[in-house]
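Descriptive structure summary
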Amino acid sequence: MNFSSTLILAFVGLILGHGLPGAIVGAVIGFVIDSLRQSQRWRAAPQMDGLYGPLFALLGAVAKSDGRVSEAEIAVAERMMTRMGLTGEQRKQAIASFNQGKQPEFDVTPAIDGLRRWVGMRRDHAFPVLDVVIETVLAEGNPPPEKMGILRQLAFALRISDMELMALMAMKGYAWNAAAGDRRRGTGGGYVPPHRATHGPDPYTVLGIERGADERAIKRAYRKLISEHHPDRLGDLPEDMRKRAEARASEINAAYERIKAEKGFK
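I will try to describe carefully the structure that is included in this document. (Residues numbered from 1 in each chain as written. Predicted model: local features only at pLDDT ≥ 70, side-chain atom pairs only at ≥ 80, totals over all residues. Heavy atoms only, no water.)

With respect to the packing of aromatic side chains
Defined as follows: Stacked, tilted and edge-to-face pairs are distinguished by plane angle, under 30 degrees for stacked and over 60 for edge-to-face with tilted covering the rest, among Phe, Tyr and Trp rings (Trp via its six-membered ring) whose centres lie within 6.5 Å. In DSSP terms, a helix is any run of H or I states spanning at least four residues, a strand is any run of E spanning at least two, and both are numbered starting from the N terminus. Residue burial is assigned from relative accessible area. The probe radius is 1.4 Å, only protein chains are included, and a residue is buried under 20% of its type maximum, exposed over 50%, and partly exposed in between.
This structure, assessed with the given rule, holds two aromatic pairs. Their ring planes at 10° and their centres at 3.9 Å tell us that Tyr222 and Tyr256 sit as a pair that is stacked. Here the residue Tyr222 occupies a position in helix α12 (residues 215-228), and Tyr256 occupies one in helix α13 (residues 239-263), the gap between them amounting to 34 residues. Considered together, Tyr222 and Tyr256 belong to a single accessibility category, that of buried residues. Taken together, the ring pairs connect Tyr222, Tyr256 and Phe265 into an aromatic cluster.

Here it is, written out as C-alpha cells:
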C-alpha cells in the first residue's frame, strides 16, 4: 500500500496540531484515505488489452503442447474471440498471439507472468482466466500430461491450489485427483489424466470438502465459494466472463443443494 497520505497528514498534524497528538490524528486520517484509494485500485477492473495477448498465446501453447493443434482447439480460441467481443484489430492481435504460442520454441513463462500481472490480487479474476484455459485443455477429451502441466503452472502462478483446480475441473464434468497423479508419478505408475465423471460433478469436489465434513464446514465452504465466484464481483469484464461466473455459481449452488439433501440439513 502507498502510505503517502498517512505520512503527509502526520507531518501536517505534527506542525499544526501541537506535537504528537496532532501527528497521530493526521496519521489516522491519512491512513483511512490511503486505504480507500488502495481499495478502489484493487476493485477496479484491469485493462482488457493486457489480457488478450498472453491469454491467446497460452491457448496456442496448450493446443500445440501435444504436438498438434486440433480443429476443436482452434474452435475454442475462435469462440473466445467472439464471446469476448474483440474488435477487428484485437482479433488480429489475438490470432497472432495464438500462432506465436504454437511455435515449438515458445516459452509459456512470460505469457503466464502476463496473466498473473493482469489478475493482480483479484482471485475472482483468476477463475475466469483458468476457465478459458481449461476449456482448451479439455477440448479433445481426457488431456495429456503436457496440457495439464501448463494448466497447473498457470494455476500456481495465480495462487489457485490443486484442490481449487480440481473443483473447476469438476464443474466442467471431469473428475481429477491431483494427489493420486503425483503419487503414481512418484512410484512409476504414470500420468493419471482427468476423465469424464459418469454420474455428473461430484458435489464434494465442487465445494472442496471431504465427504465427512460437518454441517458447519459445508456451509462455510459454500459461502466462501459463492462469494468468490459471484458474477457481481467481476466489474466491467466481458459478458462471457460474467456468464462463466454465473455457470460456476450455478454449479456451486447445485452441489450445495445435493449435499444438503444427502446430509438432511437446511
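Some points on the pattern of salt bridges
What counts is decided by this rule: Salt bridges are counted wherever a side-chain nitrogen of Lys or Arg sits within 4 Å of a carboxyl oxygen of Asp or Glu.
Taken as a whole, this structure holds 17 salt bridges when the rule is applied. Its salt-bridge partner being Asp131, residue Lys172 comes within 3.2 Å of it at the nearest N-O pair. Here Lys172 is found in the loop between α9 (162-171) and β1 (174-175), whereas its partner Asp131 is found in helix α7 (residues 123-137), with 41 residues between them in sequence. Owing to a relative accessible area of 6%, Asp131 belongs among the buried residues under this scheme. Each of the salt bridges in this network shares a partner with another, and the network as a whole consists of Arg79, Asp131, Glu135, Lys172, Arg244 and Arg248.

A few points about the packing of helix α6 (residues 108-119) against α7
For the record, the criterion: Lines fitted to C-alpha atoms define the axes here, with helix axes fitted over just the stretch in contact, and angles between the N-to-C directions of these axes take values from 0 to 180 degrees. Any angle that is under 35 degrees is reported as roughly parallel, and any over 145 degrees as roughly antiparallel; angles of 65 to 115 degrees are reported as roughly perpendicular and all others as oblique. Two residues form a contact once any of their heavy atoms are found within 4.5 Å. Gly is put with the polar residues, along with every residue not named as nonpolar or charged; the nonpolar set is Ala, Val, Leu, Ile, Met, Phe, Trp, Tyr, Cys and Pro, and the charged set is Asp, Glu, Lys and Arg.
Two numbers describe how α6 lies on α7: the axes approach to 9 Å, and their chain directions differ by 140°. If you check the angle between α6 and α7, you find them oblique. Together, Leu115, Trp118 and Val119 of α6 and His125, Ala126 and Val129 of α7 make up the contact between the two elements. Across the contact of α6 with α7, the residue classes break down as five nonpolar, one polar and no charged.

Some words on the layout of surface pockets
The test is simple: Cavities and pockets were defined on a 1 Å grid built from protein atoms only: a cavity is a group of points that admits a 1.4 Å probe but offers it no way out, a pocket is an open group of points flanked by protein on both sides within 12 Å along at least five of seven lines, and a lining residue is one with an atom within 4 Å of any such point. Grid points are joined across faces, edges and corners, and a volume is the space filled by probe spheres set on the points.
Estimated volume of the largest pocket: approximately 450 Å³. As for the largest pocket, its lining consists of 23 residues, and the residues nearest its centre are Met166, Trp176, Asn177, Asp202 and Thr205. If one sorts the elements of the lining of the largest pocket by residue count, α9 sits on top with three residues. In this structure, the second largest pocket encloses a volume near 180 Å³. Arg83, Asp131, Glu135, Leu168, Met171, Lys172, Asp240, Lys243, Arg244, Ala247, Arg248 and Glu251 together form the lining of the second largest pocket. Going through the elements one at a time, α7, α9 and α13 are the ones with two or more residues in the lining of the second largest pocket. Considering every element that reaches the lining of the second largest pocket, the biggest residue donor is α13, with six residues. By residue class, the composition of the lining of the second largest pocket is three nonpolar, no polar and nine charged.

None of this, on its own, says anything about what the molecule does.
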